[in-house]
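Remarks on the overall topology
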Amino acid sequence: MANRLASYINEILNFAVNGGLIPFNPCLKMNKTLKKPKKKNNPHIKIEEFPKLMQDIAEARMESQTRNLLLFKMLTMVRSAEVAHIRWAEIDLQNKLWTIPAERMKAREAHTVPLSTQAVKLLEKMQPITGRFEFVFPKRGNNKEPMHKDTVYNALKNMGYQGKQTSHGLRGLARTYLGEESVILEHAEACLSHKTGGNVSLAYNHATYLEQRKVIMQKWADYVEQCAQGTDLFK
């Protein structure tokens with residue numbers, strides 16, 4: 001936050017210098033005095049601990065809608081805000097696709113998520129409950145607003161996974177699985193709406209690998225369901 005604030009201050013003062021309002025920018029080297037924070041990745045469990053996580057999700061005391069939101073996020077590999085604000089209008093159940101508009105994406109580019117059989121079943125379970133509302137997962141007590149983006153994070157925290165598994169870390173867990181399954185880098189990263197390559201390759205490569213991702217997302221969903229064997233999560 002300090003480095004971000006320093007950057008904003010410099011933009012303002014440089015604008016003032018260029019406009020002749022002040023002779024120089026006194027904060028030009030301010031960010032050099034700030035400590036660089038150590039980057040911390042969102043923690044996630046080891047892949048061999050996944051069945052235990054699924055068992056804990058099944059047995060946890062949480063609302064069914066929260067559990068469905070958690071499972072849907074896990075199956076689709078999307079970010080917390082993207083899944084919490086999902087609207088019925090964005091879903092094409094017939095073609096098993098969910099298109100997230102650009103304004104809700106981190107990279108400000110629309111992203112189409114292939115929906116696995118398991119993800120479609122979750123939506124079909126939610127449809128009679130929330131299908132008449134705008135949001136798939138509406139806020140409790142206010143059906144006109146979506147659930148909070150921290151809902152999944154708090155659910156995992158209440159399950160005792162604080163410091164071991166975060167909501168965002170579910171993406172890391174899925175990416176680890178894809179890596180262990182030797183999924184092609186570009187295809188695996190596309191599942192998480194990540195871009196690969198340098199500026200030149202990115203300028204020319206606009207492939208979304210949608211057909212390949214359909215197979216990958218189903219493979220991941222089958223693995224998730226396999227890890228949930230012995231529970232009622234996908235029944």
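Residues numbered from 1 in each chain as written. Predicted model: local features only at pLDDT ≥ 70, side-chain atom pairs only at ≥ 80, totals over all residues. Heavy atoms only, no water.

Structurally, Glu-82 is set in helix α4 (residues 80–84). Excluding anything up to four places from it in sequence, Glu-82 contacts Trp-98, Ile-100, Arg-104, Met-105 and Lys-106. (Helix = DSSP H or I, 4+ residues; strand = E, 2+ residues; numbered from the N terminus. Contact = heavy atoms within 4.5 Å.)

On to helix α2 (residues 50–59), then. Those residues of α2 lying buried are Phe-50, Leu-53, Met-54, Asp-56 and Ile-57. Along the long axis of α2, the arc covered by the buried residues comes to 160 degrees, so they all point the same way. Among the exposed residues of α2, those oriented more than 90 degrees off its buried face are Lys-52 and Glu-59. The inward-facing, buried residues of α2 contact α3 (64–76), α6 (151–161), α7 (169–180) and α10 (210–227). (Buried < 20%, exposed > 50% of the residue type's maximum accessible area, 1.4 Å probe, protein only. Arc of directions from axis to C-beta.)

Moving on, we get to unusual backbone geometry. The phi dihedral of Lys-96 falls on the positive side, at around 55 degrees, and the residue is not glycine. Among the structural elements, Lys-96 can be located in the loop between β1 (91–92) and β2 (97–100). In this structure Lys-96 comes out as partly exposed when scored by relative accessible area, which is 32%.

The next point concerns empty space enclosed by the protein. With the rule as written, the count across this model stands at one cavity of 30 Å³ or more. By volume, the largest cavity amounts to about 40 Å³. Together, Tyr-153, Leu-156, Lys-157, Tyr-161, Gln-162, Gly-163, Gln-165 and Thr-166 line the largest cavity. Taken together, the residues of the lining of the largest cavity sort by class into three nonpolar, four polar and one charged. (1 Å grid on protein atoms, 1.4 Å probe; cavity = no way out; pocket = protein on both sides within 12 Å on 5 of 7 lines; lining within 4 Å. Points joined across faces, edges and corners; volume = space filled by probe spheres on them. Nonpolar A, V, L, I, M, F, W, Y, C, P; charged D, E, K, R; others polar.)

Let us now look at the pattern of salt bridges. Side chains that differ in sign of charge can pair as their charged atoms come close. Enumeration according to the criterion identifies eleven salt bridges in this entry. Taking the shortest distance from any N to any O, the salt bridge between Arg-140 and Glu-63 comes out at 2.4 Å. In this pair, Arg-140 is assigned in the loop between β4 (138–139) and β5 (142–146) and Glu-63 in the loop between α2 and α3, connecting sequence segments 77 residues apart. A salt bridge links Arg-175 to Glu-189; its shortest N-O distance comes to 2.6 Å. Of this pair, Arg-175 sits in helix α7 while Glu-189 sits in helix α8 (residues 185–191); the two residues are 14 residues apart in sequence, bridging distant segments of the chain. (Salt bridge = Lys/Arg side-chain N within 4 Å of Asp/Glu carboxyl O.)

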